Amino acid sequence: MSSPDHSGERPYAGARSDNGGETLVSSPERSLLRPTPGGMREIEWTGAAGPFRLLLSPTVFAPTSTSRLVAEAMEIPPGATVLDVGCGSGVLSFVAARKGAGRVVGCDAAPEAVADSRRNAERLGLSDRTEFRLGNLLEPVRDVKAQVVIGDVSGIPDRLAAASDWFPGGYAGGPTGSEIPVAMVETLGECLDREGVMYLPTGTIQAENRVLAAARRVFGQNNMDEIVTRELPLPTILAKSQALAQLVAEGLVNLRRRGSRLLWRITVWRCRRT
Ligand SMILES: C[S@@+](CC[C@H](N)C(=O)[O-])C[C@H]1O[C@@H](n2cnc3c(N)ncnc32)[C@H](O)[C@@H]1O
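Just so we're clear, the structure is a prediction, and the values are computed from it rather than from any experiment.

Caption draft 1: Quick look at the overall build of the protein chain. The helix and strand inventory of the protein chain stands at eight helices and 11 strands. Pairs at least 24 residues apart make up 70% of the contacts formed inside the protein chain by residues separated by at least 6 positions.

What follows is the structure, encoded as structure tokens:
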């Protein structure tokens, strides 16, 4: 899913902090090494298959706790072909390559994300095994049949995305945060091989039941395994937002209060095609 930094709830160091100020922070997922000319950010990925460094344009989504959970959950058969839908900086493509994929094709609707992914692949010496294409969902990769699909496409409701600065380039998850992931699942088609698996993150900060209903229609309930689930604090800036109040009133998100914090839950599913 499209997701903010689920632990500290900031997508990257230098993002707006809860108190509205600018702050340089690091998270367990990645730490800011240095801002570079032209507004580029250099971060260090410290999740699975790391550490490695990534360069990100100002508008490109930075890896988060969701990225980390998906990266940990991913099992890559040696030599497998992997599709990374909504690749952002390319981080999960690189994790897949480092975990033994033979070929990784990433795609994203944001031109800057595709450009960053290509540049990062070169910097990491992974251009021989990875390629990145521009376009909507699976449209640019219809010719690929993968054994693993990474389905970490945007899944944060547009209103919440606008209330934060997590998606500076746009491309959030749709009105309820389910529209983009549902469209991805429903249009998977032949891109996922028989016996192949899709890793699908969902969260209670989106209309999760709609995403899960789509996944059950496509894969069948018995072919969906919950790999990892984690509860995370919602950042104050969002907890106090009008956008969140509306989504709660509409019954679209499902949060739990613990003391002064609101908690939401993320789950990574492994969906098997039979
Ligand atoms: C939450 S980010 C995840 C990026 C990356 N997987 C990571 O872990 O950092 C979701 C990505 O989906 C992309 N995206 C949103 N809508 C899309 C669409 N319709 N087709 C393709 N990519 C899309 C966004 O541009 C963004 O890069």
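Caption draft 2: Seen up close, the nonpolar core. Formed by 80 residues in total, the largest nonpolar core has its most connected members in Val-82, Leu-83, Ala-96, Val-149 and Ile-150. In this view, Val-82 contacts Ile-76, Ala-96, Ala-101, Val-104, Ala-146, Val-148 and Ile-150; residues no more than four positions away in its chain are not counted.

Caption draft 3: Fine view of the site of the ligand. Around the ligand lies a shell of 22 residues, among which Ser-67, Gly-86, Gly-88, Ala-109 and Tyr-171 are the nearest. Classifying every residue of the shell around the ligand gives 12 nonpolar, eight polar and two charged.

Caption draft 4: Here's a closer look at helix 2 (residues 91-98). Judged by how many residues are buried, helix 2 sits mostly within the fold: seven of eight residues are covered. When we look at burial in helix 2, the residues that qualify are Val-91, Leu-92, Ser-93, Phe-94, Val-95, Ala-96 and Ala-97. Immediately beyond the C-terminal end of helix 2, within one or two residues, lies Gly-100, with a positive phi of roughly 115°.

Cut-offs and rules
- Residues numbered from 1 in each chain as written.
- Predicted model: local features only at pLDDT ≥ 70, side-chain atom pairs only at ≥ 80, totals over all residues.
- Helix = DSSP H or I, 4+ residues; strand = E, 2+ residues; numbered from the N terminus.
- Contact = placed C-beta atoms within 7 Å.
- Core = buried A, V, L, I, M, F, W, Y, C linked by C-beta atoms within 7 Å.
- Buried ≥ 20, exposed ≤ 12 C-beta atoms within 10 Å, placed from the backbone.
- Near = placed C-beta within 6 Å.
- Nonpolar A, V, L, I, M, F, W, Y, C, P; charged D, E, K, R; others polar.

As far as function goes, none of this settles anything; it's purely spatial.
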